[in-house]
Every structure is written in structure tokens, then in C-alpha cells.
Amino acid sequence: MTDTDDQTPLVLLHGLGQAPRAWEDVIVPLYPTRRLLTPWVPGLKPTEKQLVPVADAAAKLDTDLMLEGMQAVDLCGLSYGAVIATRMAADFPERVRRLVLIAGMVRPPRALMKVQLQMLKMMPASRLADSSVSKERLLRTLDIVREVNLTDALPKITAPTLVLVGEKDKANKAAAQMLAAGISGAQLREVPGAGHQVNVEQPKALVEILKGFLDESS
């Protein structure tokens, strides 16, 4: 038996505009402690031709994890990945042992969505090339994000939940507070020195936070 055999697998979901490798500096220190999976968020993989609504993406993720032999998981998502993680934890509560939501949301603020859309439209497609994500796909996915409303999902979440937001991510602090208030027993923490992409900007701090939360006694 290895040291990882008695640990719940950890699944990490990237954000919009990221690829699974955005977790690289987080997973390397965690590899010795547990099985890890950093899948493409359903609907964002470059080879996928169709967009996937949030509920369908959560169901597909659940099926994919079952096919990986993961009966129960610790689930962590950032931004759009946090949206999918929230929906999966609500729709399949028996499958999520612990939940970490980074820069998540309940309903996207219209003003923030408008700013993000304008910024994305002005962004050169070459800047997204390293993530293997097309500008067109991101623009189309924003149409799905605009319709997100997870108000009904929050009371269904039974997993111990940690809500994280970057200290500098002012645009998402209200959303983080709303998430934490809507999920029974959820903890809310700010990550010092981080903006929106906590996994990229403060990976060492995130690793320590994840270790502490995921290893707590249930």
C-alpha cells in the first residue's frame, strides 16, 4: 500500500482562459500525498465542438470521474471551474467529500461581465495560444456564464466547503461572501497577495491552504 492509498483523490478545475497546466505549481508539491486529477473543464477543451451548459458540464465531470475509478473526491475549482464544482457538489453531494471554491460566484454581476467581455474582445488571440484556448470559444462561453444562477444549488451542498478569494480580487469579493453565506458551514478566507488567478499568482500559499483544509478531520 502506498502513502496515497488512504487519501481521497483531489480534482482541480481550471478557470476560463486557463488550461489544466495552470495548476502545475500546485500539483507538484501535492503529488506525494494523494492522487490528483486536473481535467479539462467540460465544454472548454479545444477539441470539443459544442458548448456545454453548466449542469451538463457538472454531470459529465461526474461521469468522467467515475470512469477514472474515483468514487468520492475532494473538489477544487477556480472561477468558471468553481462554478462547475459548485453545481457538481449540489447535484451529486455523495460524490464530493470536501469542496474548495476559488473566485467563484452565485450570479455573475452584470457590470463585471460587461467589463470582462470588452477586455476579451480587445485581447489579441496570440495571448491565449499558450493555453490552447481559442478567443472564439471564450467569447461563446461567456454567453453561458452570463446566465449562471447557482442560488438553488447552494443549500444542496453538504460537503465541508472553503471559499477563497484573492486579496487583490476586489471584483469577486462580494461573490465570495455570497457563496460562503449560502453554503451551510462554509469558511471564507482571503489569499494574501493574490488576484483572481490564485493558482498561478500564489501557488505556494494555496498549497498550504489546501493541505490544511483537506486534511482536517471530517
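Summary of the structure given here. Computed from a prediction, not measured in an experiment: that's the story for all the values here. Numbers given for residues are sequential positions, taken from 1 along each chain in its written order. The model is predicted, so local features are restricted to residues of pLDDT at least 70 and side-chain atom pairs to those at 80 or more, both for listing and for counting; the totals for chains, interfaces and linings are taken over all residues. Hydrogens and water are ignored here; the side-chain numbers use all heavy atoms of the structure.

**With respect to the overall build of the chain**
No. 1: Broken down by element type, the chain carries eight helices and six strands.
No. 2: When the elements of the chain are put in sequence order from the N terminus, they spell out β-α-β-α-β-α-β-α-α-β-α-β-α-α.
No. 3: A simple rule labels every residue: compare its accessible area, found with a 1.4 Å probe on the protein chains alone, to the largest value its type can have, and call it buried under 20%, exposed over 50%, or partly exposed in between. Per-residue burial over the chain gives 50% buried out of 218 residues.
No. 4: Sequence separation of at least 24 residues holds for 76% of the intrachain contacts in the chain that already meet a minimum separation of 6.
No. 5: About 10,400 Å² of surface is accessible on the chain, with carbon and sulfur atoms providing 53% of the total. Strands here are runs of E lasting at least two residues and helices are runs of H or I lasting at least four, both read from the DSSP assignment and numbered beginning at the N terminus. Throughout, a residue-residue contact means that at least one pair of heavy atoms, one from each residue, lies within 4.5 Å. Note on areas: Shrake-Rupley with a 1.4 Å probe; residue coverage comes only from the protein chains shown.

**What to know about the packing of aromatic side chains**
For any pair of aromatic rings, the description consists of the separation of the ring centres together with the inter-plane angle of the planes.
No. 1: Under the pairing criterion, centres of Phe, Tyr and Trp rings, with the six-membered ring standing for Trp, must be within 6.5 Å; the plane angle then separates stacked pairs below 30 degrees from edge-to-face pairs above 60, leaving the rest tilted. Counted under the stated rule, the structure contains zero aromatic pairs.
No. 2: Placement of a positive charge over a ring is assigned whenever Lys NZ or Arg CZ falls within 6 Å of the ring centre and within 35 degrees of the normal to the ring plane. Here the basic side chain of Arg98 rests over the ring of Phe213, its NZ or CZ set 4.9 Å away from the ring centre.

**Notes on the side chain of Glu48**
No. 1: Note that Glu48 resides in the loop between strand S2 (36-37) and helix H2 (54-67).
No. 2: Residue classification places Glu48 among the buried positions, given a relative accessible area of 18%.
No. 3: Here the side chain of Glu48 touches Gly43 through a polar contact of 2.8 Å, landing on its backbone nitrogen. Two N or O atoms count as a polar contact when they lie within 3.5 Å, although within protein this holds only if one can serve as hydrogen donor and the other as acceptor, and sequence-adjacent residues are included solely when both atoms are side-chain atoms.

Honestly, it's all geometry; don't read function into it.
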